[in-house]
Amino acid sequence: MKKNAKLVLFFGLSFFLMNFLIAEETTPAGWKKNNLTRETFVNDFQTPPVGFGNVPFYWWLGDPLTKERLSWQLEKLAQMGRGTTGLQINYAHSDKGGLAWGYTIPSEPPLFGDEWWKLVQWFMQETKKHDIAVSLSDYTLGVGQGWKWDEAIRDYPEIVGQVLDCRTMDPDSPTPNENNIVSAQVFNGKKYIVSARKVNPSIDPMHPKSGKAVVEKFFQPFENYNQGEGGKGLNFFFSDELDFHVGGNLWNEYFADEFQKRKGYD
């Protein structure tokens, strides 16, 4: 491979505290249980414990990904010392399609295809030799982008989010016969009709199945393809611009029941 070939897998200079750690019985590197004091903070800041360091954006798009190319870049990175503790695989979006932004720019091998998973498996083992973990950022992969979040909505339609809308009517007008009405109250000479409206596609962050659905569709495949690497070669995920595509006066029956239980009134 020519050393002056254009590098489309480049390292960003943004560093992040990755707090999406996969739960493990063993304490992941970079996590401290001891109480923080001024002295320990100063010492740890000057000499960071293993697991704390740079976690660059690592863009996997452009020229075809090959083991040769990735090995050469990893070798160059390793020559810089032990400052990097994680590599966050990222994909960019185009200006066409998609709900939140353009669709993910195609890559070779295709994202989430068999060859891609094999490459990630191999790359993770290579980075472990340098005490570097890897993960995938969810940038460009969220709701309405045609990836795992949409699979979760498709297979768990009950997790689609709802918001409350309010309209006013004459107090003597009959209340509409609609299944989604939450309340109808007369106040100051007007009737207020509050109803729940589904926002599709979206994910209700309050629904008890939302976490299960996202874990099953997005996180679990990483464990399936990389058995035993949770908290090791695969010890973080980064969520960029997390958007459930629903906001405002969120509503579901679980929220209503929990509110009644905690507050004692509807």
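### Section: the overall build of the protein
Secondary structure summary: the protein contains 6 helices and 6 strands in total. Taking all 266 residues of the protein together, the buried fraction comes to 38%. For the protein, the proportion of contacts with a sequence separation of at least 24, taken over those separated by at least 6, is 74%. As displayed, the protein has an accessible area near 15,800 Å², and 54% of this comes from carbon and sulfur atoms.

### Considering the sheet that holds strand β3 (residues 133-136)
Working definition: the strands of a sheet are paired by backbone hydrogen bonds and lie parallel or antiparallel to each other. Spatially, the 3 strands line up as an open sheet ordered β1-β2-β3, and their pairing is parallel. The open sheet is flanked by β1 (57-59) and β3, the only strands paired with a single partner. On average, adjacent strands in this sheet sit at an angle of 35 degrees to one another, irrespective of strand direction. Relative to strand β2 (residues 86-90), β1 is paired through 3 bridges, and the arrangement is parallel. Note that in β2 the partner of W59 across the bridge is N90.

### What about the packing of helix α2 (residues 67-78) against helix α3 (residues 114-128)?
Two elements in contact, α2 and α3, have axes separated by 11 Å at closest approach and are oriented at 25 degrees. Taken as axis vectors, α2 and α3 run roughly parallel relative to one another. Handedness of the crossing formed by α2 with α3: right-handed. Here α2 contributes K67, L70, S71 and L74 to the contact with α3, which in turn contributes L119, W122, F123, E126 and T127. Residues of the contact of α2 with α3, tallied by class, amount to 5 nonpolar, 2 polar and 2 charged.

Cut-offs applied
- Residues numbered from 1 in each chain as written.
- Predicted model: local features only at pLDDT ≥ 70, side-chain atom pairs only at ≥ 80, totals over all residues.
- Heavy atoms only, no water.
- Helix = DSSP H or I, 4+ residues; strand = E, 2+ residues; numbered from the N terminus.
- Buried < 20%, exposed > 50% of the residue type's maximum accessible area, 1.4 Å probe, protein only.
- Contact = heavy atoms within 4.5 Å.
- Areas by Shrake-Rupley, 256 points an atom, 1.4 Å probe, with all protein chains shown as cover.
- Pairing = 2+ DSSP bridges.
- Axes fitted to C-alpha atoms, helices over the stretch in contact; angles between N-to-C directions.
- Parallel < 35°, antiparallel > 145°, perpendicular 65-115°, else oblique.
- Left-handed = near helix turned anticlockwise from the far one by under 90°.
- Nonpolar A, V, L, I, M, F, W, Y, C, P; charged D, E, K, R; others polar.

Without other data, these values stay purely geometric and don't point to any function.
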